[in-house]
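A closer look at the structure
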Amino acid sequence: MADLISKLDELDKKLVLLLQENFPLVLKPFEKLGRRLKLSEEEIISRIKRLKSLGIIKRIGPIHNPEASGFKRTLVGMSTPEDKLKKAVELINSFKEVTHNYLRKDDTFNLWWTLICPSQKRIKEIIRTIKNKSGIKAVVNLPTVKTVKIKTVFKI
Amino acid sequence: MDIEITSRPFTKGQLRKIKQDLRLGKIRRFAAIVSHQKLGFSHNALIAWEKSSLSRKLANQLKNKHYISHIYLRAASPRWPYGLYTMLHARSRKELEALIGELSKLSGGCVHKVLNTIKEFKKTSFNPRIP
């Protein structure tokens, strides 16, 4: 996977960085990006299409702020035995309120997933359902008190 | 939402709405989401720190680290006394260890737990229209 980078030239790398920072909110954004990189609009468009087909750019769009609309976030750690992992993952991922789910190296809690829900009540409800259906009781709920940073700009 | 890669991907009305949502804080940013795995960031870890608050100075220092994508303060529990969470991205194990070392020093040697990412089972963007 790492050798995908070798398929990018310096202009691709600059473009990836620029696009992650902020996308121009104008009628002809690719023309504007072109002016910054001294490339034509067509060239920018074909480069972005290629970056998307390589899977490097997943999407270009809004990054929502759930808290601004009253949504609550939490991170849940779950102590999941190997033989229950597959079923637990299926169950957890079936909830549309679950946005992330990762297996992590830890001897206390190894499965970590995040929830974004309209209320704390719904968060508790989902956790309870998952505990009951999976039979896994060792769960820690870590509600977000403060979001200090969410910004992913990968420098390449 | 994923815009079309064509000369004019927005209507005037859409642009107005996006800018308004940015002003209202409903949208944090409008930008490209990339695959960090495909960009070579293969060593990722969630670091849980035994801290219940964050000084303004340390918050700013952490925010400025480009290799940290997420920072949250969370309500800890007696069995899991970690209140501060940082998500780190690196290209190698060695690089990740060096970054953790740097943060450990910055935090004044705060007790922490490294939760290395082994496997991604789900990663989606929040969309307020879904729930």
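Predicted model, so just to flag it, every value in this text is computed and none were measured. Sequence order sets the numbering: in each chain, residues are counted from 1 along the sequence as written. By the order in which they are written, chains take letters starting at A while ligands take numbers starting at 1. Local features in a predicted model are, by the rule used here, given only for residues with pLDDT of at least 70; side-chain atom pairs are given and counted only at 80 or more, and totals for whole chains, interfaces and linings are based on all residues.

We now examine the overall build of chain B. Strands here are runs of E lasting at least two residues and helices are runs of H or I lasting at least four, both read from the DSSP assignment and numbered beginning at the N terminus. The secondary structure content of chain B amounts to 3 helices and 5 strands. Walking chain B from its N terminus toward its C terminus, one meets helices and strands in the order α-β-β-α-β-β-α-β. Atoms counted for the radius of gyration: C-alpha only. Globule rule: 2.2 Å times residue count to the power 0.38. In terms of overall dimensions, chain B is more spread out than a globule: its C-alpha atoms have a radius of gyration of 18 Å, far above the 14 Å expected for 131 residues. Taken over the C-alpha atoms alone, chain B extends approximately 50 × 30 × 30 Å along its principal axes. Whether two residues are in contact is decided by their C-beta atoms, placed from the backbone, lying within 7 Å. Here the contacts in chain B between residues at least 6 apart in sequence split such that 62% fall between residues at least 24 apart.

Moving on, we come to the nonpolar core. Core analysis: the largest hydrophobic core is formed by 57 residues, its most contacted members being L19, I57 and W112 of chain A together with L46 and L88 of chain B. It is strand β4 (residues 111–117) of chain A that provides the largest number of residues to this core, a total of 6 residues. For W112 of chain A, the contacting residues outside a window of four places in its chain are L75, G77, Y102 and R104 of chain A together with L46 and L115 of chain B. We call a set of buried Ala, Val, Leu, Ile, Met, Phe, Trp, Tyr and Cys residues a nonpolar core when their C-beta atoms link them within 7 Å. Counting other C-beta atoms within 10 Å of a residue's own tells you its class, since 20 or more makes it buried, 12 or fewer makes it exposed, and anything in between is partly exposed; those C-beta atoms are placed from the backbone.

Okay, the environment of L11 of chain A next. As for its position among the elements, L11 of chain A is in helix α1 (residues 10–21). Considering only alpha carbons, one finds L11 of chain A and N65 of chain A, 54 residues apart in sequence, at a separation of 31 Å.

One frequent convention defines the size of an interface as the accessible area lost when the parts assemble. Contact with chain A, which involves 67 residues of that partner, is made by 65 residues of chain B. Residues that form the side of chain A that touches chain B fall into these classes: 37 nonpolar, 15 polar and 15 charged. Of the strand pairs in this sheet, strand β5 (residues 139–150) of chain A and strand β3 (residues 68–74) of chain B are connected by 5 bridges, and their pairing is antiparallel. The residue bridging K146 of chain A from the neighbouring strand is L73 of chain B, located in β3 of chain B. Residues are sorted three ways: Asp, Glu, Lys and Arg are charged, Ala, Val, Leu, Ile, Met, Phe, Trp, Tyr, Cys and Pro are nonpolar, and all the rest, Gly among them, are polar. Paired strands, as defined in this entry, are two strands with at least two bridges between them according to DSSP.

Source of the domain bounds: an automatic or database domain assignment. Per the domain assignment, the segments making up chain A are domain 1 (10–53) and domain 2 (66–143). Centre-to-centre separation of domain 1 of chain A and domain 2 of chain A, based on C-alpha positions: 37 Å.

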